[in-house]
Amino acid sequence: YGFSHTHLSGTGCSDYGDILLMPFTGKASVINSEYCSTFSHSKEIAEPGYYSVWLDKYKVKAELTCTPRVGVHRYTYPDNDMPKGIILDLKHRDMVLNSVISYDAKANKIVGLRDSKAWNEHQKLNFSMLFSQRIANVEFYVNDQRVDSVNAITGTNCKAIIYFAGNTKQVVVKVALSAAALNLNDADKNLKEVPDFDFHQV
């Protein structure tokens, strides 16, 4: 289904799994049964500090690393002119009490929050995303219906499709997280852990 940023192991509850990203090529969907991809363990690497997998559906190599408060993604797309981008799904996983996605075109940044409920009554997480390539367009979806002519959405089922230029070959995404944020942009403070887009350095 994609790559989220918080995880629990062996608890038997659905908390976490916050802020899910899924790279895509071609026609995009915000329905997870449509945007999901198969993969093979033979094309997967998992070791301390690094994960990679080949997504069969999109012919995309996904690579992940992190600092304590920033998830760093690198997506390598096929060399063609098909639409390319990333799906952002805040509905994924447990019950959402409230969520926000906001796009700042000038800063090439997406910020937001997710407040959910499972074992924890209020699992709150703010995020701030920066991209190594310019965003060409963002489509917003509330309750899986497209919402036009806006740069921010709120609700219990918020998703977005982030598009880059068709000739884009690789994108690095920095996703700063904050569980202590009071304001929407407070996760920005943690971006200092990754001052540039040097995936190998992280």
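If you're wondering where the values come from, they're calculated on a predicted model, not measured in any experiment.

Enquirer: Lay out the overall build of the chain in plain terms, naming residues and giving numbers.
Expert: Of regular secondary structure, the chain possesses one helix and 14 strands. Taken over C-alpha atoms, the radius of gyration comes to 16 Å for the chain, in line with the 17 Å a tight globule of 202 residues would show. C-alpha extents for the chain along the principal axes are approximately 45 × 40 × 35 Å. Buried positions account for 49% of the 202 residues belonging to the chain. Considering only residue pairs separated by 6 or more positions, the chain has 59% of its internal contacts joining residues 24 or more positions apart. Looking at the chain as shown, the accessible area adds up to about 10,000 Å², and 50% of this sits on carbon and sulfur atoms.

Enquirer: Can you explain the packing of aromatic side chains? Please cite residues and give values.
Expert: A full pass over the atoms with the stated rule returns four aromatic pairs. Centroid distance F24 to Y163: 5.6 Å. Interplanar angle 85°. Geometry classified as edge-to-face. Remark: Y163 occurs in strand β13 (residues 158-164) and F24 occurs in strand β1 (residues 20-25); sequence separation between them is 139 residues. A relative accessible area of 0% means that F24 is categorised as buried. The lysine or arginine in question, K174, covers the ring of F197, its NZ or CZ lying 4.3 Å from the ring centre.

Enquirer: Now, about the sheet that holds strand β14 (residues 170-178): what can you tell me, with residues and values included?
Expert: Strand order in the open sheet formed by nine strands is β2-β3-β4-β5-β14-β9-β8-β7-β12, with antiparallel pairing between adjacent strands. Of all the strands in the sheet, just β2 (44-47) and β12 (152-155) have a single pairing partner and so form its edges. Within the sheet, the average angular offset between the axes of one strand and its neighbour, ignoring direction, is 15°.

Enquirer: Tell me about the environment of I110, and please be specific about residues and values.
Expert: Along the chain, the position of I110 falls in strand β8 (residues 109-117). Each C-alpha atom of the pair I110 and S128 lies 5.9 Å from the other, and the pair is 18 residues apart in sequence. Ignoring sequence-local partners within four residues, the contact set of I110 consists of L88, I101, S102, Y103, F127, S128, M129, F131, I135, V138 and I162.

Enquirer: Give a description of the sheet that holds strand β11 (residues 145-147) that names residues and reports values.
Expert: Across the sheet, five strands lie side by side as β1-β6-β13-β10-β11; this open sheet has antiparallel pairing. Single-partner strands in this sheet number two, and they are β1 and β11. Strand-to-strand twist of the sheet, defined as the mean angle between neighbouring strand axes without regard to direction, takes the value 25°. Of the pairings in the sheet, the one linking strand β6 (residues 84-89) to β13 comprises six bridges and is antiparallel in character. Bridge pairing in β13 places L88 opposite A160.

Enquirer: Quick one: what's the story with the layout of surface pockets, residue by residue and with numbers?
Expert: Within this model, the largest pocket holds a volume of roughly 630 Å³. Contributing to the lining of the largest pocket are 35 residues, with F3, S4, H5, T6 and H7 lying nearest its centre. Of all the elements in the fold, those that place two or more residues in the lining of the largest pocket are β3 (50-55), β4 (60-66), β5 (70-76), β9 (123-131) and β14. Here the lining of the largest pocket takes four residues from β5, the largest share from any one element. Looking at the lining of the largest pocket residue by residue, the class counts come to 15 nonpolar, 15 polar and five charged.

Enquirer: I'd like to hear about the pairing of strand β10 (residues 137-142), residue by residue, with values.
Expert: Bridging between β10 and β13 involves six bridges; their strand directions are antiparallel. Residue F140 lies in a different strand from β13, and its bridge partner there is A160. The pairing of β10 with β11 spans three bridges and is antiparallel. In the sheet register, V142 faces β11, and the bridge partner there is Q145. Connecting β10 to the antiparallel partner β11 that follows it, the hairpin turn spans two residues, and N143 within it adopts a positive phi of roughly 55°.

Enquirer: Quick rundown of the nonpolar core? Include the residues and the values.
Expert: Inside soluble globular proteins, nonpolar side chains tend to come together where they are buried. The biggest cluster of nonpolar side chains holds 43 residues, and the ones touching the most others in it are I19, L88, I101, I110, F127, M129 and F131. Top element by residues in this core is β13. It accounts for six residues. When neighbours within four sequence positions are excluded, I101 is seen to be in contact with L88, L90, I110, V111, G112, F140, N151, A152, I153, C158, K159 and A160. Formed by eight residues, the second largest nonpolar core is a distinct cluster that contains V172, A176, L191 and V194.

Conventions used here
Per chain, residues are indexed from 1 in the order of the written sequence. Local features are withheld for residues below a pLDDT of 70 in this predicted model, meaning they are given only at 70 or higher, and side-chain atom pairs are given and counted only at 80 or more; totals for whole chains, interfaces and linings count all residues. Working from all heavy atoms in the structure, the side-chain values ignore hydrogens and water. A run of H or I in DSSP becomes a helix once it reaches four residues, and a run of E becomes a strand once it reaches two; helices and strands are each numbered from the N terminus. Here the globule rule is a power law, 2.2 Å times the number of residues to the power 0.38, and the radius of gyration is based on C-alpha atoms. Only protein chains enter the area calculation, which uses a 1.4 Å probe; residues under 20% of their type maximum are buried, those over 50% are exposed, and those in between are partly exposed. Pairs of residues are marked as contacts when any of their non-hydrogen atoms sit within 4.5 Å. For accessible areas, the Shrake-Rupley method is used with a probe of radius 1.4 Å. Any residue's cover is judged against the shown protein chains and nothing else. Note on ring pairs: Phe, Tyr and Trp rings are taken, using the six-membered ring of Trp, and paired if centres are within 6.5 Å. Classes follow the plane angle, with under 30 degrees stacked, over 60 edge-to-face and the rest tilted. We call a charge positioned above a ring when the Lys NZ or Arg CZ atom is no farther than 6 Å from the ring centre and deviates by at most 35 degrees from the ring normal. When DSSP finds two or more bridges between two strands, those strands count as paired. Lines are fitted to the C-alpha atoms to define the axes, a helix being fitted only along its stretch in contact, and any angle between axes, read from their N-to-C directions, falls within 0 to 180 degrees. Here a cavity denotes grid points, spaced 1 Å and computed from the protein atoms alone, that fit a 1.4 Å probe unable to get out, and a pocket denotes an open set having protein on both sides within 12 Å along at least 5 of 7 lines; residues with an atom within 4 Å of a point are the lining. Grid points are joined across faces, edges and corners, and a volume is the space filled by probe spheres set on the points. Residue classes follow a fixed rule: Ala, Val, Leu, Ile, Met, Phe, Trp, Tyr, Cys and Pro count as nonpolar, while Asp, Glu, Lys and Arg count as charged, and any other residue, Gly among them, counts as polar. For the purposes of this section, nonpolar cores are sets of buried Ala, Val, Leu, Ile, Met, Phe, Trp, Tyr and Cys residues that join through side-chain atoms within 4.5 Å.

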